[in-house]
Each structure stands twice: as C-alpha cells, then as structure tokens.
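# Analysis of the macromolecular model
Single-letter residue listing:
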Number of protein chains: 2
Amino acid sequence: MPDRIYNFAAGPAALPLEVLERAQTEFTNINDSGMSLLEMSHRSQAVENIMADAESDIREVGNIPENYHILFLQGGASQQFAMVPMNLLSPNGLAEHIVTGHFAKLAYQDAQKIGNIRLAASTEEDKFSRIPSPDQYRLDPSADYIHITTNNTIFGTEWKTLPKTGDVPLVADTSSNMFSKPININDYGLVYAGAQKNLGAAGVTLVIIRDDLLKRSPDILPSMFNYNHHVKSKSAYNTPPVFGIYILGLVMKWLKRQGGLESMQRINEEKASMLYEVIDNSDFYKGHANKSDRSNMNVTFNLPTPELETEFTEYAASNGMVEIKGHRSVGGIRASIYNAFPLDGVERLVDLMKTFEKSKG
Amino acid sequence: MPDRIYNFAAGPAALPLEVLERAQTEFTNINDSGMSLLEMSHRSQAVENIMADAESDIREVGNIPENYHILFLQGGASQQFAMVPMNLLSPNGLAEHIVTGHFAKLAYQDAQKIGNIRLAASTEEDKFSRIPSPDQYRLDPSADYIHITTNNTIFGTEWKTLPKTGDVPLVADTSSNMFSKPININDYGLVYAGAQKNLGAAGVTLVIIRDDLLKRSPDILPSMFNYNHHVKSKSAYNTPPVFGIYILGLVMKWLKRQGGLESMQRINEEKASMLYEVIDNSDFYKGHANKSDRSNMNVTFNLPTPELETEFTEYAASNGMVEIKGHRSVGGIRASIYNAFPLDGVERLVDLMKTFEKSKG
C-alpha cells in the first residue's frame with residue numbers, strides 16, 4: 001500500500017493530512033505538558049482552551065452569531081434524532097419531518113417514539129432520488145419545528161433551496177454537508193452534525209442551537225439529554241470527548257487556511273462537477289440522483305450490471321482508490337468527496353472511469 | 001517540562017506510555033492501510049476487527065462469560081444514569097440506589113426523572129467518608145435492581161464487599177475502579193464505566209449486561225437509548241467512537257502484559273498502601289475516608305490548613321507532580337493512582353510528603 005491512499009469512504013472519511021500529522025506529532029506530549037491530551041483533565045486550563053478555541057473557530061468559519069450556542073455532544077446524529085423532540089416538542093405539540101433518505105427516515109421513526117410527528121413529505125417511492133419541490137408539501141404554521149436532512153449520504157442528494165418555514169424553527173441534520181459551503185445559520189433554529197464526515201473524527205456531535213429554543217427543554221429530562229443543561233455547563237457537564245473536539249478544532253483551522261467556506265464551496269463544486277460530467281457524457285455510467293438535486297458530497301451512480309460494479313470497485317482499489325462501493329442497502333457506486341478529499345484524487349477517479357468504460361466499449 | 005510528568009488527575013488520567021507510543025506510531029497510517037484509523041469506515045473489516053479484538057480482550061481480562069454482552073457506547077457514565085432506568089425499570093417497578101458520593105447522587109437524581117427510585121442508604125451526612133455497612137440498609141427483594149457506585153473518586157472510598165442483593169440484579173457504576181482488580185461479573189446484572197480512568201480515553205463507555213436483562217428494554221425507547229438494540233447491532237447501530245475503542249483495546253493488551261487483574265490488584269494495593277502509610281503515621285496529613293473503606297484508586301487527605309494545601313500542591317508541581325488538588329467541590333488533596341499510574345511516581349510522592357511535613361515541623 002502507498003503511504004497515502006485515496007479514501008472515498010462516506011464517513012468516517014478522509015481528513016486533511018496536515019491535521020493528522022499535527023495530531024501525531026504532539027500525541028504523547030501536547031504543548032510541552034509532559035502528557036498526552038488523552039490523559040489531560042477536562043477541567044484543566046489546557047483543555048478548556050482547546051474547547052474555547054474550537055468554538056471560536058467554528059463561529060468564525062461559519063459566521064455564527066452570539067445568539068446561537070455551540071455544543072459538543074456525543075452519540076452522533078442518531079442520538080439527536082431523539083434529543084431534538086425530547087427538547088423542542090411541547091407536550092401537545094406537533095413536529096413535521098421531510099424524509100429524503102435513510103437517515104431522514106430513521107430520524108422520523110425515532111422522533112415518533114417521543115411525540116406527535118407528521119410526515120410532511122417523503123421521496124421514498126422515488127428511491128430517494130430527489131428532494132421534494134415546495135409545491136409537493138404543505139407545512140403546518142403551528143408546528144413546533146420542521147426537520148430536514150440537508151444532504152443524503154446514501155442516495156447522493158442535497159437540498160439546494162431550504163423549505164420556507166416562516167416562524168417555525170427549521171431543524172436540520174447537516175452531518176454530511178456541514179461547512180462544505182457557506183451556511184446562513186439564521187435560516188435554522190437548530191443544526192446538528194456528527195463530526196466524522198466534514199468536521200473531524202467519530203465520537204463528537206456538533207449542535208448549534210438558537211438561544212430562544214433553550215427555554216423549551218423540560219426540567220424533567222435527564223441531564224445528558226437536556227440542551228439547556230449542556231449550554232449552561234459549556235458542554236462539560238461530564239467528561240466531553242476531548243480528543244474529538246481537538247481534532248475538530250484542527251480541522252477548523254485547516255478550513256481557515258483553505259480560505260474559508262466560500263473557497264471550500266468552489267473547490268467542492270469543481271470536484272463534484274468533474275465526476276458528474278463523466279456521468280452525464282456517458283451511457284455506461286448512470287447517476288442515481290435527479291440532476292437538480294445532486295449532492296456535492298456523495299456522487300452516486302450505477303454501471304450496467306452489479307458484476308461490472310464489482311469489477312469497477314476492484315479495479316479502483318488496485319489503483320489506490322478505496323471505499324467506492326455504494327451503501328450496503330442500495331448497492332451501486334458512491335464516491336464521497338468531502339472537504340478533505342483532494343482534487344487530484346477526483347482527477348484520478350475521472351481517468352479511471354474513462355479508462356474502464358473504454359475497456360468495456 | 002520533562003518529557004513525561006507524573007499526572008495524578010482523577011480522569012481523564014494517566015495512560016500507559018507504551019499504549020500512547022503505539023497509537024502515535026500508527027496514527028496517520030494504520031496497518032499499512034494508507035489512512036488513519038480516524039478516517040476508516042466503521043463498516044470496514046479493519047474496524048470490525050479492532051472492535052472484535054477489544055471485546056475479546058475484555059472477556060479474557062475480566063473473565064466475562066458469553067451470557068454477558070459487551071457494549072461500547074457514548075455519553076459517559078452520566079448517560080447511563082438515565083439509560084439504566086429507561087431500560088431496566090418496569091412501568092410500575094421500583095429500583096433502589098445506595099448513595100456513597102457525588103456521582104452516586106447524580107445517578108440517583110437522574111434516575112428519579114425516569115421512574116420510581118428509592119434511596120436505600122446514603123452516607124452524605126458523613127461527608128461520604130464511608131460505605132454503609134450491611135446493617136445500615138435493608139434492600140427490597142421485589143426491586144427491579146439495586147444501583148451502587150463501586151468507587152467514589154472525589155471522596156476516596158471503595159466498596160470492599162458488595163451488598164447481598166439475592167435475585168435482584170446489582171447494577172454498578174464502576175467507572176473509577178473497573179479492572180483495577182479481578183471482578184466477578186456474576187455478582188452483577190449490569191456494570192458500566194466511562195473509559196477515561198482505568199480503561200482508556202474519554203468518549204467511550206463500557207457497558208456489560210447480562211443476557212436475561214435485555215428483554216426488559218421497552219420497544220418504545222429511541223434506538224440510541226436501547227441496550228437490546230445496541231447488542232443486536234454489535235455497538236455499531238451508528239458510527240461508534242472508533243478511536244476510543246481502539247485505545248481501550250490497546251490498554252487491554254497492556255493489562256494482559258502486566259499479568260492481568262490479579263497482578264494489577266497487587267500493584268494497586270502496594271501503591272495505595274505506601275501513601276496510606278504516610279498518612280497513618282502522620283499528625284500532619286489527615287485521611288478523609290474511613291480506614292476500612294479506603295480506595296486504592298483515589299487517595300484523599302487534608303493538610304492542617306487550606307493555605308498549606310495550596311503550598312503543597314505548588315511544591316508538588318514544581319517537582320513534576322501535577323493534578324494533585326482535590327475536587328473543586330471538597331478541596332484538600334487527591335492523588336489518583338489508577339492502573340497506569342507508575343509505582344515510581346507514588347514513591348516520589350511519598351518522599352515529597354515526608355519532606356514537606358518535615359519542612360513544616
């Protein structure tokens with residue numbers, strides 16, 4: 001194997017090499033402290049600084065104002081599927097979900113265990129190949145919140161225009177496209193994202209919540225499930241996932257060095273369009289997602305037969321490109337190209353796709 | 001600062017240097033894969049192997065039979081404070097808590113938010129300086145379970161003989177003394193432990209649950225809070241905290257190289273008794289905990305005045321011994337000497353205590 005492979009995994013996924021090398025260098029002895037960050041008390045000044053820095057860099061990168069709180073939690077997006085309704089749904093209230101993929105459906109199903117949830121729209125009958133257009137759903141203006149999933153990892157679709165929710169807070173699982181482009185946080189009441197795609201490593205969940213929503217958290221919630229409680233204790237009610245927060249902080253500094261989110265968006269659009277161009281100019285490769293809803297993060301497509309897909313996957317692996325197989329639930333091919341996936345890896349895949357198609361022509 | 005400092009932190013706490021060095025060496029490229037473990041899909045064979053190895057080593061180290069399930073969860077012990085009653089308490093059932101410290105009290109308080117919880121005993125009026133003796137409480141044989149905290153980090157006490165609970169499952173927060181000595185898992189229905197004291201790094205919680213208890217988990221629980229669900233998906237319903245599980249696995253292999261838990265117990269008793277001997281032979285240092293209940297993990301004591309305690313802490317730091325200050329809620333001095341804390345660090349502290357006392361004599 002080479003020193004560095006092209007890793008198209010959907011998450012956990014490729015991280016910037018310079019982030020990994022920095023973490024490696026100071027792994028056993030951080031800031032000349034004589035200990036590893038893994039050994040350091042979460043009540044120490046050093047760890048408090050790492051957490052404060054990560055928060056401050058997130059605010060800078062995402063342009064997040066002070067009326068939004070930034071939390072570092074655990075349990076991934078999946079735990080938020082339950083925590084969102086536990087905190088934001090009033091006793092007799094209603095929330096609405098728009099279901100555009102596998103994780104969106106799980107979020108909808110888990111939320112139903114907590115309270116009254118309405119399915120405002122679903123594109124499941126179209127194999128989640130598209131995002132519903134505004135004329136295909138009607139939102140209830142009295143809902144406690146509307147939940148969407150901004151990018152659908154498995155199917156390769158992405159919301160390009162957010163639904164208009166008026167005064168109803170929009171809640172979004174942004175796990176797979178957070179900070180891949182500028183975000184206007186004022187469009188949202190709450191966003192959450194597992195870190196292991198665009199933000200860092202598995203084990204830390206970023207939650208950004210608007211201040212006025214905190215008063216909804218019922219006192220009767222156990223401490224670890226209460227957003228208001230986590231805000232008051234600055235994400236350190238108990239021992240936070242310190243190492244994951246540190247990696248996330250290093251990724252934020254890397255993002256700044258790349259020129260921030262506008263720059264990242266330009267690069268991501270360039271990477272995705274190179275792959276979509278091959279697909280659009282081919283009868284051999286067939287894209288799964290509707291053109292207007294295609295994701296810049298996860299490019300999904302099929303070859304004429306499952307056998308050819310297997311052969312393609314193996315051919316890619318023998319050329320140093322791994323984890324390109326589609327999700328076990330849908331098959332096909334999926335190239336996940338998050339922020340940290342390098343442009344030259346996409347160029348290599350483009351060449352490989354053309355060569356492979358020609359060899360079968 | 002020296003390359004390596006003596007870190008008496010209560011958790012996150014000292015880890016074996018050879019574990020840290022191994023993780024550092026393969027940090028950017030694990031098993032010649034061309035990628036960091038942080039970038040590796042949790043559905044990859046490599047990660048599945050790491051998780052299976054960690055489980056198998058835990059079973060070997062702790063002598064855990066197949067009728068107990070091993071889970072790697074998130075959210076620390078604090079999340080278990082809620083998950084235990086959510087899963088094990090029947091709708092009209094009762095659970096009993098024995099409260100012997102700060103975290104035991106938090107567990108009791110959070111459980112009350114879920115259901116009917118009885119306080120079987122508390123030693124709070126004695127400033128948690130002791131563990132209640134069996135004649136000081138009476139357990140209800142119809143309870144769904146009894147909850148204890150096997151070691152009390154802040155106060156420096158430890159259960160030496162478990163309460164007799166008959167057929168009622170004993171549930172224990174073992175965060176601060178797990179695998180510091182042999183454990184007879186058959187004494188318990190369920191044990192849980194945040195990893196950041198004896199087992200590894202923050203961000204992973206070890207849960208060991210007896211098979212017959214799984215049927216108690218109500219279907220209505222959100223997926224991430226359901227033990228039965230986690231068992232069925234082998235701790236990988238969503239992305240598990242892969243790096244934390246890997247570190248925990250390396251610590252298990254280190255434990256085996258130390259000779260396992262019998263050997264660890266001998267070393268831990270030796271370390272603790274060296275410090276308790278200084279305290280017992282001194283009028284200057286005064287132990288907080290009852291002699292018969294003293295912890296081998298956290299040695300807590302006071303000096304004649306808070307000013308002397310501050311001076312002692314600073315003197316220790318200037319001699320390369322840090323994080324020796326007592327918990328912010330109780331003050332005093334606390335030396336946490338978990339498995340990975342080296343014997344020579346304890347010898348250094350013993351010398352320091354004697355020198356300091358003499359200088360004030």
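What you are looking at is a predicted structure, and each value in this text was computed from that prediction instead of being measured. (Residues numbered from 1 in each chain as written. Chains lettered and ligands numbered in written order. Predicted model: local features only at pLDDT ≥ 70, side-chain atom pairs only at ≥ 80, totals over all residues. Heavy atoms only, no water.)

### Brief notes about the overall build of chain A
When you go through chain A residue by residue, the secondary structure sums to nine helices and 14 strands. For 361 residues, the compact-globule formula gives about 21 Å, and the C-alpha radius of gyration of chain A, at 21 Å, lands near that figure. Summarising its shape, the C-alpha atoms of chain A cover approximately 65 × 55 × 30 Å along the three principal directions. In chain A, buried positions account for 64% of the 361 residues. Counting only contacts in chain A whose residues sit at least 6 apart along the sequence, the fraction spanning at least 24 positions is 67%. Looking at chain A as shown, the accessible area adds up to about 13900 Å², and 47% of this sits on carbon and sulfur atoms. (Helix = DSSP H or I, 4+ residues; strand = E, 2+ residues; numbered from the N terminus. Rg over C-alpha atoms; globule rule 2.2 N^0.38 Å. Buried < 20%, exposed > 50% of the residue type's maximum accessible area, 1.4 Å probe, protein only. Contact = heavy atoms within 4.5 Å. Areas by Shrake-Rupley, 256 points an atom, 1.4 Å probe, with all protein chains shown as cover.)

### So, the packing of helix α8 (residues 306-318) of chain B against helix α9 (residues 343-360) of chain B
Residue and element names in this part refer to chain B. For the pair α8 and α9, the least separation of the axes is 11 Å and the interaxial angle reads 135°. One element, α8, and the other, α9, form an angle in the oblique class. Crossing of α8 over α9 shows right-handed handedness. Mapping the contact onto sequence places Leu308, Glu311, Phe312, Tyr315 and Ala316 in α8 and Leu349, Leu352, Met353, Thr355, Phe356 and Lys360 in α9. (Axes fitted to C-alpha atoms, helices over the stretch in contact; angles between N-to-C directions. Parallel < 35°, antiparallel > 145°, perpendicular 65-115°, else oblique. Left-handed = near helix turned anticlockwise from the far one by under 90°.)

### Regarding the sheet that holds strand β9 (residues 190-194) of chain A
All names here are of chain A. One open sheet holds the seven strands; their spatial order is β2-β10-β9-β8-β5-β3-β4, and the pairing between them is mixed. Both outer strands of the open sheet, β2 (68-73) and β4 (116-122), are each paired with one neighbouring strand and no more. The sheet shows a mean angle of 15° between the axes of neighbouring strands, direction not considered. The sheet strands contacting helix α2 (residues 45-62) are β2 and β10 (205-210), and the helix crosses β2 at an angle near 130°. (Pairing = 2+ DSSP bridges.)

### A look at the domain arrangement of chain A
It is common to report an interface's size as the accessible area lost on association of the parts. All names here are of chain A. For chain A, the assigned domains read domain 1 (18-257) and domain 2 (259-360). On a C-alpha basis, the centroid separation for the pair domain 1 and domain 2 is 27 Å. On the side of domain 2, 26 residues touch domain 1, which itself brings 29 residues to the contact. Of the roughly 2200 Å² buried where domain 1 meets domain 2, counting both sides, 55% is carbon and sulfur surface. Remark: the boundary between domain 1 and domain 2 carries zero salt bridges. Mapped by element, the contributors of at least two residues to the side of domain 1 that touches domain 2 are α2, β6 (151-152), β7 (157-158) and α6 (242-257). Ranked by residues supplied to the side of domain 1 that touches domain 2, first place goes to α6 with four residues. Of the residues that constitute the side of domain 1 that touches domain 2, the class distribution is 10 nonpolar, 11 polar and eight charged. (Domains from an automatic or database assignment. Buried area = accessible area lost by both parts, 1.4 Å probe. Salt bridge = Lys/Arg side-chain N within 4 Å of Asp/Glu carboxyl O. Nonpolar A, V, L, I, M, F, W, Y, C, P; charged D, E, K, R; others polar.)

### Quick word on the interface of chain A and chain B
Contact with chain A, which involves 64 residues of that partner, is made by 64 residues of chain B. For the chain A and chain B pair, buried surface summed over both sides reaches about 5000 Å², with 57% attributable to carbon and sulfur atoms. Inspection of the chain A/chain B interface yields two salt bridges. One salt bridge connects glutamate 39 of chain B with arginine 4 of chain A, and the closest N-O pair in it is separated by 2.7 Å. Applying the counting criterion to the chain A and chain B interface returns 24 residue pairs in polar contact (both at pLDDT 80 or more). Listed by contribution, the elements that provide at least two residues to the side of chain A that touches chain B are α1 (17-25), α3 (76-88), α4 (102-112) and α6 of chain A. (Polar contact = N/O pair within 3.5 Å; in protein donor to acceptor, adjacent residues only side chain to side chain.)

### Things to note about the packing of aromatic side chains
Considering all chains together, one arrives at 31 aromatic pairs over all chains under this definition. Ring centres of tyrosine 285 of chain A and phenylalanine 301 of chain A lie 5.6 Å apart, and the angle between their planes is 90°; this geometry places the pair in the edge-to-face category. Here tyrosine 285 of chain A, found in the loop between α7 (260-280) and β11 (286-287), pairs with phenylalanine 301 of chain A, found in strand β12 (residues 298-302); they are 16 residues apart in sequence, far enough to count as distant. Overall, the relative accessible area of 1% leaves phenylalanine 301 of chain A in the buried class. Aromatic pair phenylalanine 312 of chain B and phenylalanine 356 of chain B: ring centres 5.3 Å apart, planes at 75°, arrangement edge-to-face. Of this pair, phenylalanine 312 of chain B sits in helix α8 while phenylalanine 356 of chain B sits in helix α9, placing them 44 residues apart in sequence. Each member of the pair phenylalanine 312 of chain B and phenylalanine 356 of chain B is classed as buried. Through successive ring pairs, a cluster of aromatic residues spans Phe27, Phe243 and Tyr246 of chain A together with Phe27, Phe243 and Tyr246 of chain B. Across the ring face of tyrosine 276 of chain A, the terminal group of arginine 294 of chain A is positioned such that the distance to the ring centre comes to 4.1 Å. (Phe/Tyr/Trp six-rings, centres within 6.5 Å; stacked < 30°, edge-to-face > 60°. Lys NZ or Arg CZ within 6 Å of the ring centre and 35° of its normal.)

### Brief notes about the relation of the copies chain A and chain B
In the superposition of chain A on chain B (RMSD 0.0 Å, axial shift 0.0 Å), the rotation amounts to 180°. Given the turn and translation reported, the copies of this chain are related as if by a two-fold rotation axis. Same-surface contact between copies: 100% of interface residues of chain A are shared with the interface of chain B. (Least-squares fit on C-alpha atoms with pLDDT ≥ 70 in both.)

### Describing the packing of helix α3 (residues 76-88) of chain B against helix α4 (residues 102-112) of chain B
Each pair of packed helices can be described by the angle between their axes along with the distance between the axes. Residues and elements named next belong to chain B. Contact geometry for α3 and α4: axes closest at 8 Å, N-to-C directions at 40°. Judged by the angle between their axes, α3 and α4 are oblique. By crossing handedness, the relation of α3 to α4 is classed as right-handed. Between α3, through Ser78, Phe81 and Pro85, and α4, the contact on the second element is made entirely by Phe103, Leu106, Ala107, Asp110 and Ala111.

### Some points on the sheet that holds strand β12 (residues 298-302) of chain B
Residues and elements named next belong to chain B. The sheet built from three strands is open, its strands ordered β11-β12-β14 with antiparallel pairing. Each edge of the open sheet is held by one strand with a lone partner, namely β11 (286-287) and β14 (333-336). Alignment of β11 against β12, held across two bridges, turns out to be antiparallel. Bridging across to β12, glycine 287 finds its partner in phenylalanine 301. Along the sheet face, helix α7 (residues 260-280) touches β11, β12 and β14 and points at about 15° away from the line of β12.

### Concerning α7 of chain A
Owing to its 3.6 residues per turn, the α-helix aligns residues three or four sequence positions apart on the same side. All names here are of chain A. With 21 residues, α7 ought to run about 30 Å at 1.5 Å a step, and its terminal C-alpha atoms sit 30 Å apart, in line with that. All of the buried residues in α7 are Gly260, Leu261, Ser263, Met264, Asn268, Lys271, Ala272, Leu275, Tyr276, Val278 and Ile279. As for α7, its buried residues are in contact with α2, α6, β11, β12, β14 (333-336) and α9 (343-360). (Expected span 1.5 Å × (residues − 1).)

### A word on the pattern of salt bridges
A complete count under the given rule lists 34 salt bridges over all chains for this structure. With a shortest N-O distance of 3.5 Å, lysine 113 of chain B and aspartate 110 of chain B are connected by a salt bridge. Judged by relative accessible area, lysine 113 of chain B falls into the partly exposed class, the value being 29%. Each of the salt bridges in this network shares a partner with another, and the network as a whole consists of Asp57, Glu60, Lys253 and Lys256 of chain A.

### Some points on the pairing of β14 of chain A
Residue and element names in this part refer to chain A. Burial of the side chains of β14 extends over both faces: Ile333 and Ala335 are buried on one face and Arg334 and Ser336 on the other. Bridge analysis of β12 against β14 gives four bridges, and the strand direction is antiparallel. Within the sheet, the bridge partner assigned to valine 299 lies in β14 and is alanine 335.

### With respect to the side chain of asparagine 226 of chain A
Residues and elements named next belong to chain A. As for its position among the elements, asparagine 226 is in the loop between β10 and α5 (227-232). Within the structure, asparagine 226 has its side chain in polar contact with the backbone oxygen of proline 218 (distance 3.4 Å). For asparagine 226, the residues in contact, after removing those within four places along its chain, are Met83, Asn87, Ser217, Pro218 and Leu221.

### Some points on the environment of arginine 22 of chain A
Residues and elements named next belong to chain A. Note that arginine 22 resides in helix α1. On the basis of relative accessibility, which here comes to 42%, the residue arginine 22 falls in the partly exposed class. When the C-alpha atoms of arginine 22 and glycine 34 are compared, they prove to be 17 Å apart, with 12 residues separating the residues in sequence.

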